[in-house]
Amino acid sequence: MTPSVASGNPGGDRQDNDMNLFTELRTVVTEAIAAMQAAGELPEGLDLANVAVEPPRDAAHGDMATNAAMVLAKPAGLPPRKIADTLAARLAADPRIAAAEVAGPGFLNLRLKANVWQRLVGAVLSQQGEFGRSAMGQGQKVNVEFVSANPTGPMHVGHTRGAVVGDALAKLLAFAGYDVTREYYINDGGAQVDVLARSAYERYREANGQEPQIAEGLYPGDYLIPVGQALKDLYGDSLLDQPERVWLADLREFATEKMMEMIREDLAALNVEMDVYSSEKALYGTGKIEAALQRLRDMDLIYEGVLEPPKGKTPEDWEPREQTLFRSTLHGDDVDRPVMKSDGSWTYFAPDIAYHFDKVERGFDQLIDIFGADHGGYVKRMKAAVAALSNGRVPLDVKLVNLVKLFKNGEPFKMSKRAGTFVTLRDVVDQVGPDVTRFVMLTRKNDAPLDFDFDKVLEQSKDNPVFYVQYANARINSVLRKATEAGVPVDDLTLAATDFADLTHEAELALIRKLAEWPRLVEIAARNNEAHRVAFYLYELASDFHGLWNRGNDEVSLRFLQDDTATSQAKIGLARATGVVISNGLGILGVTPVEEMR
RNA sequence: GCACCCAUAGCUCAGCUGGAUAGAGCGUUGCCCUCCGAAGGCAAAGGUCGCACGUUCGAAUCGUGCUGGGUGCACCA
């Protein structure tokens, strides 16, 4: 029973067998357990949730291992070895299983018949881009909010990592059967856009031949110079020497729009496309903030009160103040959080509550926010708000993206021509390209710091994962070209129909096993909301492929192109299947596979 | 003072729903290219998974308490 895939899969139907060997074998195991229950060998009503079928870490233990006997021993009141022995006998009868052996404290190691592996190559070739796609998400609506950089300048490296992490996660979740929306929250409602307007005004004065006065606190970057010029084109000299109240609102609007244009271009340079841009400013005056807070008030979660001063490090100017507070402590936060300042204006938190409420009301089943690591302190209150506003229905997962440390020639690299004070996304992408940028940004867990060395990421060597994976794909394409030149038909239809019984060597089977892991890896990565696992998997897959290639140096029988056409097709089919999975994986990372290394 | 994140080989890091003898790359050491697939390959050494208790048949993984590092802590966003 394969549920229909909800999104991003217009083809809809697939084969009944989804070729996730791990779930397939787990079914075999659970059916055997059911048969044992029917035969009175095991009691009824056992919880099978913890029964796992996994690849053993040590290949010597077989192709698959299950912990079923150990998990069931206690509830069944039977010794694990006894359960394992009976289960082994039943499993050995399955046509897919060559051997079932009991090992250790009660592990059951399964060895699969070679044709199970060989069939998988054909399945990859016929399913192509669909191989590994999962129905796990069941079409649930997930909102991934990421980047959300303030519209006050170009995107910097930190945003870049957040953009890549968010976009790759969105692609991963879509592949795992979720209905994904990518969203950008524009912080255009706070004091920082006033600062932007004032900064733009100075550039406007500059465009009119005056000396700009970039005071402390204003944005000094060169990127505002064209904005000043554009303002001159629009207003001529009419705003010169005018007080701020005359121009502030207009310039804020104008400059914010320009900054968002720039940010959209930055995102485009990285091949990131948002589905929705939400504006903070647009929440004001619509009653949305009030409505969200009213909802909290109805739950008695809003009150007027005075917070305790923070312990240990009291700010110099601290004084007791009555504020409107959100009782976030009821939902796991450490202290209650102000939503309204003492002067009656909203804090940043208030529109953010309204924004997240809006996401809940739009019917998302799951929310994911990608924040910079410096926003870690914001996580609990945001989760508290979402929990309260959705009555606990909608989980919010917050992914904190850690720092990117830049290096050039082994030296820390901090300067940017364009922005003056920080390294921009463009500084990176213009130099190494979007593909390398994206891959490298995914070679660490999101919460670990990342070193990015401009030289190393372009290096053509084994310790550069980007190159190593791309090189594998290039070699595969090279084999296909050579086969075609040699007159061997290697189109996908032909290869998919090939008999792969010739693939019996351990190095070939090892590569197939790695391919078989792909559907499982997609689900694990999606369950954890962690796209970096795909990058690590691809490196391992490439490593297995290169390993097979290298063995071909010594053992001619392991080369892909053989004298015999049918044998060539089987071996090239394996190479091509590897290429399919590499392409699928790179697709999730948003990286274009290269056909040729230059 | 509190909260969050992190701690795994000399270095940089993976490690799935708890699973068997904890992995990779770099570095180190030793082998391997007249040529046929070397922008390399094979192999070895290298570990108190920060520490201590606990839960469990089983803990790098879960819990508690420590230690060390990072981040953040009322009218900033």
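The rules behind each value
Residues numbered from 1 in each chain as written. Chains lettered and ligands numbered in written order. Predicted model: local features only at pLDDT ≥ 70, side-chain atom pairs only at ≥ 80, totals over all residues. Heavy atoms only, no water. Helix = DSSP H or I, 4+ residues; strand = E, 2+ residues; numbered from the N terminus. Contact = heavy atoms within 4.5 Å. Areas by Shrake-Rupley, 256 points an atom, 1.4 Å probe, with all protein chains shown as cover. Lys, Arg positive; Asp, Glu negative; His and termini not counted. Charge placed at Lys NZ, Arg CZ, Asp CG, Glu CD. Polar contact = N/O pair within 3.5 Å; in protein donor to acceptor, adjacent residues only side chain to side chain. Salt bridge = Lys/Arg side-chain N within 4 Å of Asp/Glu carboxyl O. Buried < 20%, exposed > 50% of the residue type's maximum accessible area, 1.4 Å probe, protein only. Near = heavy atom within 4 Å. Nonpolar A, V, L, I, M, F, W, Y, C, P; charged D, E, K, R; others polar. Pairing = 2+ DSSP bridges. Axes fitted to C-alpha atoms, helices over the stretch in contact; angles between N-to-C directions. Phe/Tyr/Trp six-rings, centres within 6.5 Å; stacked < 30°, edge-to-face > 60°. Lys NZ or Arg CZ within 6 Å of the ring centre and 35° of its normal. Domains from an automatic or database assignment. Parallel < 35°, antiparallel > 145°, perpendicular 65-115°, else oblique. Left-handed = near helix turned anticlockwise from the far one by under 90°. 1 Å grid on protein atoms, 1.4 Å probe; cavity = no way out; pocket = protein on both sides within 12 Å on 5 of 7 lines; lining within 4 Å. Points joined across faces, edges and corners; volume = space filled by probe spheres on them.

**Q** When you look at the overall build of chain A in this model, what are you seeing that I'm missing?
**A** Each helix and strand in chain A was counted, giving 17 helices and 15 strands. By principal-axis analysis of the C-alpha atoms, chain A measures approximately 85 × 60 × 45 Å. For chain A, contacts bridging at least 24 residues in sequence account for 73% of all contacts bridging at least 6. Counting only carbon and sulfur atoms, one obtains 49% of the accessible surface of chain A, whose full area is about 26800 Å². Side chains of chain A carry 65 positive and 87 negative charges; the gap between the two charge centres is 3 Å.

**Q** Can you walk me through the environment of Asn 208 in this structure?
**A** With respect to the secondary-structure elements, Asn 208 resides in the loop between helix H6 (191–207) and helix H7 (225–235). When near neighbours in sequence (up to four residues on either side) are disregarded, Asn 208 contacts Lys 232, Gly 236, Asp 237 and Leu 240. Only 3.4 Å separates the side chain of Asn 208 from the backbone oxygen of Gly 236, close enough to count as a polar contact.

**Q** What's the story with the pattern of salt bridges in this structure? I'm lost.
**A** Summed over the entire model, instances satisfying the criterion amount to 32 salt bridges. For Arg 438, the salt bridge identified is with Asp 167, shortest N-O distance 2.7 Å. You can see Arg 438 sitting in helix H12 (residues 425–441) and its partner Asp 167 sitting in helix H5 (residues 157–175), a full 271 residues away along the chain. With respect to class, Arg 438 is no different from Asp 167; both count as buried.

**Q** Just to check I follow, could you spell out the protein's contact with RNA strand B for this structure?
**A** Residues in close proximity to RNA strand B total 60 residues, the closest being Arg 57, Arg 321, Lys 341, Trp 549 and Asn 553. Here RNA strand B approaches the protein such that, of its atoms within 4 Å, sugar and phosphate make up 55%. In the environment of RNA strand B, a base nitrogen lies 3.2 Å from a nitrogen or oxygen atom belonging to the backbone of Glu 319. In the environment of RNA strand B, a sugar or linking oxygen lies 2.8 Å from a nitrogen or oxygen atom belonging to the side chain of Arg 444. Of all elements in the fold, only helix H2 (68–76), strand E4 (107–112), H6, helix H15 (506–527) and helix H16 (532–554) reach the threshold of two or more residues within the surface near RNA strand B. Per-element accounting of the surface near RNA strand B gives the leading share, 7 residues, to H16. Among the residues making up the surface near RNA strand B, the classes are represented as 24 nonpolar, 15 polar and 21 charged.

**Q** How should I be thinking about the sheet that holds strand E13 (residues 404–408) in this particular structure?
**A** For sheets, the rule is that strands pair by backbone hydrogen bonds, running either parallel or antiparallel. The strand order across the open sheet built from 3 strands is E14-E13-E15, with neighbouring strands paired in mixed fashion. With partners counted over all chains shown, the strands left at the sheet margins are strand E14 (411–412) and strand E15 (450–453), one partner each. Here E13 pairs with E14 via 2 bridges, running antiparallel. Directly across from Lys 408, in E14, lies its bridge partner Glu 411. Against the sheet, H12 makes contact with E13 and E15, and its axis sits at roughly 145° relative to E15, the strand it touches most.

**Q** Help me understand the packing of aromatic side chains in this model?
**A** For any pair of aromatic rings, the description consists of the separation of the ring centres together with the inter-plane angle of the planes. For the structure shown, the criterion picks out 17 aromatic pairs. Their ring planes at 75° and their centres at 5.6 Å tell us that Phe 452 and Phe 454 sit as a pair that is edge-to-face. By relative accessible area, Phe 452 is classed as buried at 0%. Taking the relative accessible area as the measure of exposure, Phe 454 reaches 2% and is therefore buried. With 6.2 Å between their ring centres and 40° between their planes, Trp 549 and Phe 560 make a pair best called tilted. Of this pair, Trp 549 sits in helix H16 while Phe 560 sits in the loop between H16 and helix H17 (565–589), placing them 11 residues apart in sequence. Relative accessible area serves as the criterion here: at 5%, Phe 560 is assigned to the buried category. For the cation-ring pair, Lys 141 lies above Phe 364, with the distance from its terminal atom to the ring centre recorded as 4.9 Å.

**Q** What is the right way to look at the domain arrangement of chain A in this model?
**A** Quoted interface sizes are often the accessible area lost when the parts come together. By domain assignment, chain A separates into domain 1 (21–112), domain 2 (191–269) and domain 3 (460–589). Relative to domain 2, the C-alpha centre of domain 1 lies at a distance of 68 Å.

**Q** Please explain the packing of H6 against H7 as it appears in this structure.
**A** Packed helices, taken two at a time, are described by the angle between their axes plus the distance between the axes. At a minimum axis distance of 7 Å, the contact between H6 and H7 shows a crossing angle of 65°. With respect to H7, the axis of H6 lies roughly perpendicular. Seen from above, H6 lies across H7 with right-handed handedness. Packed against H6, whose contacting residues are Ala 200, Arg 203, Tyr 204, Glu 206 and Ala 207, the element H7 presents Ile 225, Val 227, Gly 228, Gln 229, Leu 231, Lys 232 and Tyr 235 at the interface. Taken together, the residues that form the contact of H6 with H7 break down as 7 nonpolar, 2 polar and 3 charged.

**Q** Sorry, what's going on with empty space enclosed by the protein here?
**A** Leftover empty space is mapped by rolling, across the atoms, a probe with the size of a water molecule. The tally for this structure, following the rule as stated, stands at 2 cavities of 30 Å³ or more. In this structure, the largest cavity encloses a volume near 70 Å³. Contributing to the lining of the largest cavity are Val 165, Lys 399, Met 441, Leu 442, Arg 444, Lys 445, Asn 446, Asn 529, Glu 530, Ala 531 and His 532. When the residues that make up the lining of the largest cavity are grouped by side-chain class, the tally is 4 nonpolar, 3 polar and 4 charged.

**Q** Where do I start with the side chain of Asp 266 in this structure?
**A** With respect to the helices, strands and loops of the structure, Asp 266 is situated in helix H8 (residues 244–269). Judged by its relative accessible area of 1%, Asp 266 falls in the buried class. A polar contact is formed between the side chain of Asp 266 and the side chain of Arg 426, at a distance of 3.1 Å.

**Q** For this particular structure, what's the right way to read the sheet that holds strand E12 (residues 396–401)?
**A** Sheet architecture is open: 5 strands sit in the order E7-E6-E5-E11-E12, paired in parallel fashion. Two strands in the sheet have a free side with no partner beyond their single neighbour: strand E7 (276–279) and E12. The average undirected angle you get between the axes of adjacent strands in this sheet is 25°. As paired strands, strand E5 (residues 141–145) and strand E11 (residues 366–372) are joined by 4 bridges and run parallel to one another. When the bridges of E11 are listed, Asn 143 appears paired with Leu 367. Contacting E11 and E12, helix H11 (residues 379–389) runs over the sheet at an angle of about 160° to E12.

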